[in-house]
Amino acid sequence: MTFDFDRLVVDDVSRNFGRRRALNRVTLTCRAGEIVGLLGPNGAGKSTLLAIVSTLLAASSGEILYGSVTARAAGPALRARLGLLGHDLYLYPELTARENLEFFARLYGCPNVPAVVGDAIERAGLSERADDLVSGFSRGMRQRLALERALLHGPRLLLLDEPFTGLDDASGQALVARLRGLRQEGRIVLVATHDLDLAEGLFDRIAVLRDGRLLLVDESSASLRERYRDAIAAARR
Amino acid sequence: MARAYTPLVVLAMVLFAVAPVAVAFAPPEQVMGLIQRIFYYHVPSAMMLFLSAFVCGIASAVFLFKRSARADRIAVSAGELAIVFGLIVMVTGPLWGRKFWGVWWQWDAKLTSAFLLWMIFVAYLLVRRYGGPGAEKLGAAMALFGMANVPFVYVAANYWRTLHPTTNVVMTLAPGMRGPFWLCVAAFLLLYGLLLTLRKRLEDQRAAVEQLYLAMDE
Amino acid sequence: MKQFARVAWIVMRKDLTVEVRSREILYTTVFFAASSVLVFAFALVREGRPMEDAAAGILWIAIAFAGTLALGRTFERERQTETLRALMLAPSDRPAIYVGKLLGILILLGVVELVLVPLVGLLFNAPFGARPLWLVLLLATGTLGFASVGTLFAAMLVRARSRDVLLPVLLYPITIPVIIAGVRGTAALLQATPDEPMARFWVALLVFFDVVFVTLALWTFEPLMTE
């Protein structure tokens, strides 16, 4: 019983922690074959929104629709179509790269585990270090491994929280290329970042968040930095 | 506040004014004499403790599964009242025990169970207070598990010394005692209801203030 | 159902693999349990002879302390890498994760008890070999009772403040019936003539406890772990 969808609909979603509003009536739609950038300063609510979309956190009000189905209606099968690369990477340092991937592949019910894991290791460029403990990896290596881990089960929707942190230029470019490839495959990619340089030219649309509010959803092709600055400036007025 | 509240408070005050008089006029018990009269307050307090434990447990379950904030407000009110009435039980029990058995604590089943239940609800408040954000859910789990634990605590406390339950002081209520006893129960029950309503109202006000803060942000 | 068992098995195997590599929790827990036994021994032994029923009490207290420590450490590991979130993202019934973690803890505590029982028996001249079947039943049902509540509480506390102190604060009151049952049952078995009906009574109580609380834990795991 597989579940699939062709768009993500964030409908009037708010989330508060006590009296602090982390998200304030955010509405956004992302379609298949799209890379959407979620931009904003620290504390804007990007991570909170990603957590809600990935079903780890509940919204205080509003709904998330995957296609036309809520998370509750879709049940556990929904999570087979979601991939999350969080800030903390979610890797076990006491296991090797291969063991990490094998564990998650089995957990997520991937068929033909050895083949899937082998592919993932190659794409991460970790073939020589596959049987080394993750505790010895650099940040960049872990990031590449974590990205492949998030993609093991072929999710429709990929959520990335600050994926460019700690990546050198080459790795950053490689990530951009990988994301473009995913867009070709018709996936929905939602990237939260404040690294505007590396992300330049990557996003089909950008959504700018600030203090929990969605300031702007833009598709123009003007420079990313310009658009971002304009949005923040407009909000200040 | 509901219109009925003030008259009910007056009624409660009247009941508590009448109760000691009724207790004084109740027939004396053969074995224990004067000290037995402490039961007229001890037992209803214990009943309120157990009632509170169940109210808190059920409200917590509703909060956990239905995410109802209102249920959580009832739960925290009941939790605090469990501690208050439990305290009365813990004070009156040993007072009686000292006079009757000569020792403050004798590990009898009922008092021990009450003590363990009381501890569970103290832990409930501790986790709500010190657990950081989202601690309401942690407390709810504690209250639910605590409520489920009541039969086990009772059996364990009852049988832990010998396989045969210790001869608890089972009071047979002589006819003359029933009147004052049930009067006291009614008084305590009314007091409990009033305190619960009042405490829940405080929580409701707090929630309303939070909503106002949130609305400011819109 | 099969998916559930599969996921639980995978999680348990991962935990055991990680533990076997470093053996950190195993060694420290066993050592801690042994030192607790010594502390109690010095407190409760007078002129070389232990107080009555001390052996049973000390055994179960050591299990409770060691269990709390092991639970805390196991979930601290998951917290540091936030891997608990990755587990929650798996497309399976989330209670299966709870069961997997529980099985891992049970195996760990089982190994600790393998060391503890002979140690206590030795130091206190307690005839633990008298009715081995009943003893194993007591230990199994008691440890399951303790671990079932402990695993749930430790998991739900992962994101809480003051989690180190809150785990025992929450766990001990709830598991007091388990301790009582374990101690009284074990003491019954250690008597000159082992009291089997008594042990049977306590095992029955523990079985009821296990059924009720494992069920409760399975029900409440998902609502507790999603904020």
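Each remark here, short or long, concerns the structure printed above.
Please read these numbers as outputs of a predicted model, since none were measured by experiment.

What counts and how
- Residues numbered from 1 in each chain as written.
- Chains lettered and ligands numbered in written order.
- Predicted model: local features only at pLDDT ≥ 70, side-chain atom pairs only at ≥ 80, totals over all residues.
- Pairing = 2+ DSSP bridges.
- Helix = DSSP H or I, 4+ residues; strand = E, 2+ residues; numbered from the N terminus.
- Contact = placed C-beta atoms within 7 Å.
- Axes fitted to C-alpha atoms, helices over the stretch in contact; angles between N-to-C directions.
- Expected span 1.5 Å × (residues − 1).
- Buried ≥ 20, exposed ≤ 12 C-beta atoms within 10 Å, placed from the backbone.
- Nonpolar A, V, L, I, M, F, W, Y, C, P; charged D, E, K, R; others polar.
- Parallel < 35°, antiparallel > 145°, perpendicular 65-115°, else oblique.
- Left-handed = near helix turned anticlockwise from the far one by under 90°.

Draft legend 1. Main features of the sheet that holds strand β1 (residues 7-17) of chain A. Residue and element names in this part refer to chain A. Spatially, β2-β1-β4-β5 is the arrangement adopted by the 4 strands of the open sheet, whose pairing is antiparallel. Either end of the sheet is taken by a strand with one partner, and the two such strands are β2 (20-31) and β5 (69-70). Packed onto the sheet, helix α1 (residues 46-53) meets β1, β2 and β4 (61-66) and runs at close to 120° relative to β1.

Draft legend 2. Structural context of helix α3 (residues 54-80) of chain C. Residue and element names in this part refer to chain C. Compared with the 39 Å implied by 1.5 Å per residue over 27 residues, the 39 Å span of α3 between its first and last C-alpha is a close match. Within α3, 20 of the 27 residues are buried, which leaves the element mostly enclosed by the surrounding structure. Once α3 finishes, E82 follows within two positions and takes phi at roughly 55°, a positive value.

Draft legend 3. Summary view of the interface of chain A and chain C. At the junction of the two partners, chain A supplies 23 residues and chain C supplies 20 residues. Put simply, the parts of the chain that give the side of chain A that touches chain C at least two residues each are β6 (82-85) and α3 (97-107) of chain A. If you tally residues by element for the side of chain A that touches chain C, the top one is α3 of chain A, at 3 residues. Here the residues of the side of chain A that touches chain C are counted per class, giving 16 nonpolar, 3 polar and 4 charged.

Draft legend 4. Representation of the interface of chain B and chain C. Each partner contributes residues to the interface: chain B has 28 residues there, and chain C has 27 residues. Within the residue set of the side of chain B that touches chain C, elements represented by two or more residues are α2 (39-66), α4 (109-130) and α5 (135-159) of chain B. Counting residues per element, the side of chain B that touches chain C draws most heavily on α5 of chain B, which supplies 14 residues. Partitioned by chemical class, the residues of the side of chain B that touches chain C number 22 nonpolar, 5 polar and 1 charged.

Draft legend 5. Structural view of the packing of α2 of chain B against helix α3 (residues 69-100) of chain B. Residue and element names in this part refer to chain B. Packing of α2 against α3 brings their axes to within 7 Å, and their N-to-C directions diverge by 155°. Taken together, the axes of α2 and α3 lie roughly antiparallel to each other. The element α2 and its partner α3 pack so that their crossing is left-handed. Here the contact of α2 with α3 is composed, by residue class, of 20 nonpolar, 8 polar and 2 charged.

Draft legend 6. Molecular detail of the pairing of β4 of chain A. Residues and elements named next belong to chain A. In this sheet, β4 lies alongside β1 in antiparallel orientation, the contact comprising 5 bridges. Following the sheet pairing, V9 is matched in β4 by L65. Between the end of β4 and the start of β5, which pair antiparallel, lie 2 residues, with G67 showing a positive phi angle near 75°.

All we've got here are geometric facts, nothing functional implied.
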